[in-house]
Protein chains: 2
Amino acid sequence: MEATRSPHPYVPRDLKLPGYVPNLLSQLSILGIYGIASVLVAAFIWFISGMPFPLLDKVLMCWWAFTGLTHMILESYYLFSPEFYKDESAFYLSEVWKEYSKGDSRYAGRDSVIVTLEILAVVLVGPASLLAVYAIAKGKLYSYILQFAVSLIHLCGTAVYFITALLEGDDFAASPFYYYFYFVVINSFWIVIPTAICIRCWKKICAAFNNQGQKKVKSR
Amino acid sequence: MEATRSPHPYVPRDLKLPGYVPNLLSQLSILGIYGIASVLVAAFIWFISGMPFPLLDKVLMCWWAFTGLTHMILESYYLFSPEFYKDESAFYLSEVWKEYSKGDSRYAGRDSVIVTLEILAVVLVGPASLLAVYAIAKGKLYSYILQFAVSLIHLCGTAVYFITALLEGDDFAASPFYYYFYFVVINSFWIVIPTAICIRCWKKICAAFNNQGQKKVKSR
């Protein structure tokens, strides 16, 4: 049996994490690397997509590339590394999850809801998000329905994530700072942006049926 | 403190349900009433929808009315009756949940995942399913995207329902009979039918964009 090397900083305090190793990178480094990598991904997509795209489509391609890679790199690592909290090599991806667990210890504790949501994110939402970049770039007919579908899954996942936390006492954050910054603010991006995309796609799809209907009327 | 009146039939055996009252209606009565009520709802929708609808649209209206009323009556009762297992009046809706809990005791035990999924079903999916009946009946432009959205939420909910059960040991059924009949077979309707609806709506939406595109090309 492995001894606990250091008391962990997570709440609830009685969460068992034998072999826990504290964060070796600073909060600034962890967030800074994620921020810089995200900006680089967005800049790459922005420049290779070139001129023919409307501004909004370029912004959406950046979003889909960013969220898709977040699911497929960060969340995929989480899914396949149940003992990330024992890592003592300062490996960036384990540092991310040690840090994020301060906002929601269900990650370190491997709550079945979290693992379920991460399975869906890695297997389904990640690849589908990258497909959305391609669909917008190539002007595919399925572009709007795909973006709607992935955004709706984001919203369902976030709803399940927040509601289960509330039902279980909403006490998984190490401090109010981590609660509001990591748990509330960071996750709210995956509410606000998917909601906006769903509304836009819904309108575009209704408009397509409207145009199709007018065409049928005219062709009578 | 209330004494346990009778040992409950659910698994895990150590689930605490003080005041449990066994089913007062037979399995045949519970399933029979649900079956007959569902057939009556479908028949009502079938006859009031009349002749102008294609066969498939009539079938879909029956499905949406059936699933919408299931969410809004059965599941709504579950949500607001945390102590349904204590009911000794043979009230039909509490009898349903006492019986279904034999296939998945997380219902009687009020697991937070189950309550979360039921909140979404009652608040969102139930009303949206009934709106789908209206949307098909009136040929609304949003008919396909609405049906797609509700079916996708069904699929996400069922995925979370099954994956969390598997991750938590898949041991919530009173016997293999209840496991396969209640947990697997009954829920599989909410996989097979929503999948078929999603595929159909996806194709219809792509076809609408295709027609819109052809119209634009022709009008140049």
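Criteria and cut-off values
Residues numbered from 1 in each chain as written. Chains lettered and ligands numbered in written order. Predicted model: local features only at pLDDT ≥ 70, side-chain atom pairs only at ≥ 80, totals over all residues. Heavy atoms only, no water. UniProt positions renumbered as here; feature names shortened; annotations may be inferred. Helix = DSSP H or I, 4+ residues; strand = E, 2+ residues; numbered from the N terminus. Buried < 20%, exposed > 50% of the residue type's maximum accessible area, 1.4 Å probe, protein only. Contact = heavy atoms within 4.5 Å. Areas by Shrake-Rupley, 256 points an atom, 1.4 Å probe, with all protein chains shown as cover. Lys, Arg positive; Asp, Glu negative; His and termini not counted. Charge placed at Lys NZ, Arg CZ, Asp CG, Glu CD. Least-squares fit on C-alpha atoms with pLDDT ≥ 70 in both. Patch = residues over 30% accessible without salt bridge, like charges linked within 9 Å, V, L, I, M, F, W, Y side chains within 5 Å. Salt bridge = Lys/Arg side-chain N within 4 Å of Asp/Glu carboxyl O. Polar contact = N/O pair within 3.5 Å; in protein donor to acceptor, adjacent residues only side chain to side chain. 1 Å grid on protein atoms, 1.4 Å probe; cavity = no way out; pocket = protein on both sides within 12 Å on 5 of 7 lines; lining within 4 Å. Points joined across faces, edges and corners; volume = space filled by probe spheres on them. Nonpolar A, V, L, I, M, F, W, Y, C, P; charged D, E, K, R; others polar. Expected span 1.5 Å × (residues − 1). Buried area = accessible area lost by both parts, 1.4 Å probe.

Under an unreviewed UniProt entry, the name given to chain A is Probable 3-beta-hydroxysteroid-Delta(8),Delta(7)-isomerase, and the organism recorded is Rhodamnia argentea. Under the UniProt heading Sequence similarities (unreviewed entry), the note attached to chain A is "Belongs to the EBP family." Checking UniProt for chain A, the heading Subcellular location (unreviewed entry) contains the comment "Membrane".

Okay, the overall build of chain A next. Helix and strand counts for chain A stand at 6 helices and 0 strands. Seen in sequence order, chain A has helices and strands lined up from the N terminus as α-α-α-α-α-α. Here the C-alpha coordinates of chain A stretch approximately 80 × 40 × 30 Å along the principal axes. Counting the 220 residues in chain A, one finds 52% classified as buried. Partitioning the contacts of chain A with sequence separation of at least 6, the portion at a separation of at least 24 is 70%. A total of about 10500 Å² of accessible surface is found on chain A, and carbon and sulfur atoms cover 71% of it. When the 18 basic and 15 acidic side-chain charges of chain A are each reduced to a single mean position, those positions are 20 Å apart.

Here we take up the UniProt feature "transmembrane region" (unreviewed entry) in chain A. With numbering aligned to this structure, UniProt lists the feature "transmembrane region" (unreviewed entry) at residues 24–48, 60–80, 113–137, 144–167 and 179–202 of chain A. For residues 24–48 of chain A, helix accounts for 88% and strand for 0%, while the C-alpha atoms at its two ends are 36 Å apart.

Glancing now at the relation of the copies chain A and chain B. With an axial shift of 0.0 Å and an RMSD of 0.0 Å, the rotation relating chain A to chain B amounts to 180°. Between the two chains, the operation in question is that of a two-fold axis. A share of 100% of the interface residues of chain A reappears at the interface of chain B, consistent with the copies meeting face to face through the same patch.

On the surface, a cluster of nonpolar side chains totalling about 280 Å² of accessible area is made up of A:L69, A:M72, A:I73 and A:L130. In this fold, A:L69 is placed in helix 2 (residues 55–80).

For the rest of this paragraph, the subject is the environment of A:S101. Residue and element names in this part refer to chain A. Within the secondary structure, S101 sits in the loop between helix 3 (92–100) and helix 4 (112–138). S101 gets classed as buried once you look at its relative accessible area, which sits at 0%. Here the alpha-carbon distance between S101 and Y182, two residues 81 residues apart in the chain, equals 8.8 Å. If we ignore the near neighbours within four places in the chain, the residues touching S101 are Y10, F84, Y107, A108 and F172. Within the structure, S101 has its side chain in polar contact with the backbone nitrogen of A108 (distance 3.3 Å).

Turning our eyes to something else, we now look at empty space enclosed by the protein. Residue and element names in this part refer to chain A. A full pass over the atoms with the stated rule returns 1 cavity of 30 Å³ or more. Of the volumes computed, that of the largest cavity is approximately 40 Å³. In this structure, the largest cavity is lined by G103, D104, A165, D170, D171, F172, A173, Y179 and F183. Here the residues of the lining of the largest cavity sort into 5 nonpolar, 1 polar and 3 charged.

It is worth spelling out the side chain of B:H71 at this point. All names here are of chain B. Within the element layout of this structure, H71 appears in helix 2 (residues 55–80). The exposure class of H71 is buried, given its relative accessible area of 4%. A polar side-chain atom of H71 sits 2.7 Å from a polar atom in the side chain of E75. Once residues within four sequence positions are removed from consideration, H71 is found in contact with S76, A121, V122, V125, G126, S129, H154 and W190.

This brings us to the UniProt feature "domain: EXPERA" (unreviewed entry) in chain A. The feature "domain: EXPERA" (unreviewed entry), as annotated in UniProt, sits at residues 56–198 of chain A in this numbering. In residues 56–198 of chain A, helix accounts for 76% and strand for 0%; the two terminal C-alpha atoms are 14 Å from one another.

Moving on: the side chain of B:S81. Residue and element names in this part refer to chain B. If you trace the backbone, S81 turns up in the loop between helix 2 and helix 3 (92–100). A relative accessible area of 13% means that S81 is categorised as buried. A polar atom in the side chain of S81 sits 2.7 Å from the backbone oxygen of Y77.

Residues and elements named next belong to chain A. End to end, helix 1 (residues 27–49) covers 33 Å across 23 residues, agreeing with the expected 33 Å (1.5 Å per residue, within 8%). All buried positions along helix 1 are accounted for by I30, S38, I45 and S49. Against helix 2, helix 3 and helix 4 lie the buried residues of helix 1. Looking one or two residues past helix 1, G50 carries a phi angle of roughly 65°, positive in sign.

On to the interface of chain A and chain B, then. The partner chain B presents 35 residues to the 35 residues of chain A that form the contact. Summing both partners gives a buried area of about 3300 Å² for chain A against chain B, and 82% of it is carried by carbon and sulfur. At the boundary of chain A with chain B, the tally comes to 0 salt bridges. For the pair chain A and chain B, the number of links is 4 residue pairs in polar contact (both at pLDDT 80 or more). At the level of secondary structure, the elements contributing two or more residues to the side of chain A that touches chain B comprise helix 4, helix 5 (143–167) and helix 6 (176–219) of chain A. Counting residues per element, the side of chain A that touches chain B draws most heavily on helix 5 of chain A, at 13 residues.

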